[in-house]
Amino acid sequence: MLRLTLLAGIGLAKGVLGVNLIASHFSGGIYTLSLTTTGSSGTISVTSQTNGCGTTPGWIELYSDTRKLYCFDESWTGRGQHAEFNVQNDGRLSLTASLQVSGNSVHGVLYGGPQGRSYIATAEYSPSTITTYKLPLQGSRVQQTEKFTLARRGPHQRQDVPHPHEVHLDPTGKFILVPDLGADLIRVFRIDANSGRLTSCASHATGAGDGPRHVKFWKSETGKEKVFSLNELGNSVSAWDVSYTNDCISLTRTHTISTYAPGKKGGANTKAAEIRTFGNFLYASNRADQTFGNSQDSIAIYTIDPATGAIAWLEAANSYSYYPRTFAFNKDGTFVAIGGQTSSNVAIVERDAATGKLGKLVANVQVGQKGRAGEEDGLSAVVWVE
């Protein structure tokens, strides 16, 4: 919760911003962070830690209106645990429900029902499935499982089987998009709001070897809608025109741009990780490129044409982290919290609202134990509590 005058019971002077963030760690911990900023300087610290989301929390979703945090376990052991937490006024978490699952869930989202919060969908990376559950979480059972298969291997070594990497709810709340890294597809499902059942629509092919990981919707002031996809294996982002036809979403790919400046490319171990939009700007994080020096990876920034939705390279910015798996903007778009997976840190970086550019490091904190390059350890996700 954003608090302009109070932070954890301590009075703050005028012009001082106090806010909490929550970060998850692949070792099992969920951490509350406290950030205080004055102008362009600030301090950040870990104020509490809890558990309850299995052994390998991989993704967290915060619903600010209900102060509910949902956490999804990426455990690779064949057994996992999803969890629901209440977020208290000081940012601390209290576990309210949990569910034993099969694990390997890399993403999850609430959908369906009268308020769009009656069901949960999750994406399981190696089982090649998406799974749905009915809320409440405690005592719930699997409602539906969609198992994906691959007719032939893709050009990349990681494209041996389908690897759904996200379940992304569209702005209408009527469809879920599933970027499939292994199959080079963006799968589309229509939602039955009453039953929570998902029905497959036509899938849409990316470029060969792109390996789509995450997507984001964007809409112009004139109503033109786009989807931007982040391609982990191709180190690129793609723009898609969106149309709603025959009770499904149709996507038409218009162009693809590298996550590196023209004339440059990533190395053998670089992998794009996350994609965000804010206003008419698009951002994508690069892992293991060390563009800004040892263990200092980059965030790619693009402009979005306000009329057509076309994207163009702007510049690369310092992520102040190694393996930036996750990042999120605050509500006003004045700061970005960047979560380095291997460096296991949360870096707070200035953002210029007019130019979209990222600036200097405002605050930085290590969260939990550092990870190992290329391994599923270290910090996994970060969100603002606003």
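The structure displayed is predicted, hence computed values, not measured ones.

(A) Spatial organisation of the pattern of salt bridges. Counted under the stated rule, the structure contains 13 salt bridges. Notably, a salt bridge pairs R158 with E232, separated by 2.7 Å at the nearest N-O pair. Pair noted here: R158 is in the loop between β13 (142-147) and β14 (168-169) and E232 is in the loop between β20 (225-231) and β21 (236-245), with a separation of 74 residues, a long-range link. Assessed through its relative accessible area of 1%, E232 is described here as buried. As a salt-bridge pair, K226 and D241 come within 2.8 Å of each other at their nearest N and O atoms. Here the residue K226 occupies a position in strand β20, and D241 occupies one in strand β21, the gap between them amounting to 15 residues. Overall, the relative accessible area of 2% leaves K226 in the buried class. On the basis of relative accessible area, D241 is assigned to the partly exposed category, the value being 25%.

(B) Molecular detail of the nonpolar core. Core analysis: the biggest nonpolar cluster contains 29 residues, and Y70, Y111, I120, I130, V167, I176 and L198 have the highest contact counts within it. Those elements that place two or more of their residues in this core are β6 (57-63), β7 (68-73), β9 (93-101), β10 (105-111), β11 (119-124), β12 (129-134), β15 (175-180) and β16 (185-191). One finds L21, A328, F335 and V365 within the second-largest nonpolar core, a separate group that totals 19 residues.

Thresholds, definitions, all that
- Residues numbered from 1 in each chain as written.
- Predicted model: local features only at pLDDT ≥ 70, side-chain atom pairs only at ≥ 80, totals over all residues.
- Heavy atoms only, no water.
- Salt bridge = Lys/Arg side-chain N within 4 Å of Asp/Glu carboxyl O.
- Helix = DSSP H or I, 4+ residues; strand = E, 2+ residues; numbered from the N terminus.
- Buried < 20%, exposed > 50% of the residue type's maximum accessible area, 1.4 Å probe, protein only.
- Core = buried A, V, L, I, M, F, W, Y, C linked by side-chain atoms within 4.5 Å.

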